[in-house]
Amino acid sequence: MSYITVTDLQKTFTVRKKREKGHLTREKTLVQALKGVSFSVERGELVGYIGPNGAGKSTTVKILSGILTPDGGQAEVGGRIPWQQRKEHVRHIGVVFGQRSQLWWDVPIADSYALLKDIYQVPPQQHQKRLNELTEALDLGSLLRTPLRLLSLGQRMRAELCGSLLHSPELLFLDEPTIGLDAVSKLALRDFLQFENRQHGTTILLTTHDMEDIAALCSRVMVLGHGSKLFDGSLADLLSRYDTQRIISLRYDGDCALPPLPAGCESIREGDGYRITYAPQTVPTAQMLSLLQSAGPIRELTAQPQNIDHLIADMYREMDL
Amino acid sequence: MGTVKLYLKSMAMLLKSQLEYPASFLMQTLAQLIMEGGEFMAVILIVDRFDHLNQWTPGDLFFFFGVMSVTFYLTECFGRGVTGAFPSMVRMGQLDTLLLRPRGVLTQVLCSAIDPRRITCIAVGAAALVMGSRMSGIQWTFLKGIALAESILLGGMMILGLFLIECVFCVYSVKSVEMVNALTYGGRSACQYPIDVYPRPLRLLFTVVAPFALTQHVPAAYILGKPLYHWPAWTAFVCPLAGGMVFAIMYCLFRRALRFYRSTGS
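Cut-off values and rules
- Residues numbered from 1 in each chain as written.
- Chains lettered and ligands numbered in written order.
- Predicted model: local features only at pLDDT ≥ 70, side-chain atom pairs only at ≥ 80, totals over all residues.
- Heavy atoms only, no water.
- Axes fitted to C-alpha atoms, helices over the stretch in contact; angles between N-to-C directions.
- Helix = DSSP H or I, 4+ residues; strand = E, 2+ residues; numbered from the N terminus.
- Parallel < 35°, antiparallel > 145°, perpendicular 65-115°, else oblique.
- Left-handed = near helix turned anticlockwise from the far one by under 90°.
- Contact = heavy atoms within 4.5 Å.
- pLDDT = per-residue confidence, 0-100.
- Salt bridge = Lys/Arg side-chain N within 4 Å of Asp/Glu carboxyl O.
- Buried < 20%, exposed > 50% of the residue type's maximum accessible area, 1.4 Å probe, protein only.

Some remarks on the packing of helix α3 (residues 109-120) of chain A against helix α5 (residues 153-165) of chain A
Residues and elements named next belong to chain A. Their axes nearest at 10 Å, the elements α3 and α5 cross at an angle of 20°. In terms of orientation, α3 and α5 fall into the roughly parallel class. Considering how the two elements wind past one another, α3 and α5 form a crossing that is right-handed. Contacts between α3 and α5 involve Ile109, Tyr113 and Leu116 on the former and, on the latter, Ala159, Cys162 and Gly163.

Thoughts on the confidence of the model for chain B
Of the residues in chain B, 97% have a pLDDT of 70 or more, and the chain-wide mean is 88. The ipTM value of the predicted complex is 0.79, and its pTM value is 0.81.

Section: the pattern of salt bridges
This structure, assessed with the given rule, holds 25 salt bridges over all chains. Among the ionic pairs, Arg190(A) bridges to Asp213(A), the shortest N-O distance being 2.7 Å. Placement of Arg190(A) in helix α6 (residues 183-200) and of Asp213(A) in helix α7 (residues 211-217) is noted, with a sequence separation of 23 residues between them. Owing to a relative accessible area of 10%, Arg190(A) belongs among the buried residues under this scheme. By relative accessible area, which is 1% here, Asp213(A) ends up buried. Residue Asp272(A) is joined to Arg251(A) by a salt bridge in which the shortest nitrogen-to-oxygen separation is 3.4 Å. With a gap of 21 residues between them, Asp272(A) in the loop between β11 (266-270) and β12 (273-278) and Arg251(A) in strand β10 (residues 246-252) connect regions that are remote in the sequence. Through salt bridges with shared partners, a single network forms among Glu76(B), Arg80(B), Asp115(B), Arg117(B) and Arg118(B).

Pasting the structure below:
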């Protein structure tokens, strides 16, 4: 039996539009946020959950964490039905919303943590031990006496993470945790999540738009679009399906016109050079190179794979999202 | 026991965070004093014009005013989460956070806000209460003390219950619906005066729908020794239970509403 089992999960929202002039009633539209999603996650897995805005990612997280009641389907986390056994369930999970604070705004974060201890009824010794571990791993020691509102975004995210892990949850939901963070904070955050996952076997479900997060952390990716699951597998598998194009940037000695390229290739003028996108399956790289050389002496040339964000964008386009 | 401890700890922390902005806190407290003091002055001026209103002497009227003010503002002070903060908590998604913690939602809502500025309003109310008690020459007994405590406690529960109506609407529509204010703030203003000075429709409203008359006026009249409608003394102890009923009913509706909560954004 898997740790998380989700079967045919459905959720529909009624959206009322603003009343138009001359109409007495407002138009109602039904938005199917989830149209029967199924998946299962094993204990200790680190899973990335991606999809464009409005795909139903947050809705899934909210159902699995007991905030929302689904309209149909089943979900079980560690043998509990989240929305029916809310209090018992949330004792075992931690949730971090990237854009929403769960700590108290005007008091030092240490005070927030002390209150969380009482809310979750963690024994004092256990609490202190965990707090020490987390403040060290997240480098929060010097910030404990600072009110949350005075922290920078990166510091705040670390403080939030610490708060959501104090009660040693077995499952952690992260909703866009790296949004707006600088490179150093992002890297530190990823390291920490990996550490937490290995050290305590915490199952982590991560929703994000940052593909670097996924590449660095997740062995498994689920893609959600229009309320349905479109892909479930490793990131490498996902990319190999869409990673069909290569990019060549080159510059000639002097001003040289580009030779006519075979069908399916694209070229863009970039400064005094060119940027060519082609598919090696149809036009082998050797053929492409000799074609480019025939036009004149090449001064500089770099070949590279497509950017991961472009790949995902292509994928969304192809899946018609 | 854990719940009470949690509430006290939360209150201490909220107080601390309010005092992070001492100037603003002082100014607002002062503003409240002027507001509530003005309200009391208005009662004094009105009462000054008559020797009595029905069978009530000026002292009696001050006493009614005091009971109402103390009850209402104590509720607003300690129940701020329900009486004021809840709509914005729903809009800003803070309710999500509360749902993620292993405690009752209403407990957490109550733990999440306090309004210590009301202390001045409570003080004015208490002053009116003492003044009224002196002027009317109330002979305090143990039973009268119980009646007053019960009236304040259950009156407060009823007021919380009335504000919960707004919370219920809020959970469904994610918007604040202020129509309930007619019952809450309207009820407070109207029921500063004893119920029998009003015409029948208003009497019905504040006896059956929002039973301020039962939680405040019946016990207060008993304490003054002039039972309302000449009801027997035991009614002073039974009638306020209506406040507990209002609270219980609204609490059930609130719990139901949470099942339909739809959250906001991501």
